[in-house]
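Notes for the structure review
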Amino acid sequence: MTKKSKTLDMAYIAMFAVIMAVCSWISIPTSIPFTLQTFGVFFTVALLGGRRGTLSILVYILLGFVGVPVFAGFTGGPGIILGTTGGYIVGFLFSALFMWAMEHLLGKKTWVLGISMVIGLLILYAFGTVWFMLVYAKTTGAIGIWTALGWCVFPYIIPDLIKIALAIVLCKRFSTSMVLKTEQG
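Scoring rules and cut-offs
Residues numbered from 1 in each chain as written. Predicted model: local features only at pLDDT ≥ 70, side-chain atom pairs only at ≥ 80, totals over all residues. Heavy atoms only, no water. Salt bridge = Lys/Arg side-chain N within 4 Å of Asp/Glu carboxyl O. Helix = DSSP H or I, 4+ residues; strand = E, 2+ residues; numbered from the N terminus. Buried < 20%, exposed > 50% of the residue type's maximum accessible area, 1.4 Å probe, protein only.

Inspection of every chain in the model, using the stated rule, returns three salt bridges. The partner of Arg-51 in a salt bridge is Asp-9, and the shortest N-O contact between them spans 2.5 Å. Residue Arg-51 is found in helix 3 (residues 50-65), and its partner Asp-9 is found in helix 1 (residues 3-25); the two are separated by 42 residues along the sequence. Judged by its relative accessible area of 21%, Arg-51 falls in the partly exposed class. Look at Asp-9 and you get buried, because its relative accessible area is 5%. Note that Lys-163 is salt-bridged to Asp-160, the shortest N-O span being 2.9 Å. Taken together, the residues Lys-163 and Asp-160, both in helix 8 (residues 157-177) and three residues apart, mark about one turn of the helix. Linked by salt bridges that have partners in common, Asp-9, Arg-51 and Arg-52 make up one network.

Encoded structure:
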């Protein structure tokens, strides 16, 4: 890997960490407000590929952990990561790692991308919900799985599936209209 391609990788990784932050700040006011944070994650991995996308998500999480307000509601800091919803943020990384593995095994075909995003979303939900239940039990009291799913997952399934579809469409659109330098140079 040349010095130029390393610099280009770092630029893409940083740029998409910023794009994820901007997406997390955009709140869609519905009966249950949601952000475009998961869209940013899926779009990043889809467009940059598994390695750069996963590194970009890691940078995003680390920025938030040290206090840069990159998370929803312009928040950041260890309290957010270690709080009840922090598992969903950490789950972004596991989702990206799964998408990277699928890309490595099956390529970047649209159907592979769609399936890996949906399974990645399930991984994100599972990790985040378990984390939520553990932290909530320590701070407030134990709750059942159905209550946690009702609060943290069920209301977001349709918006998240729409975000996945949007990420796929935009990724395909961007990948045909612009050329991101490959990891080889």
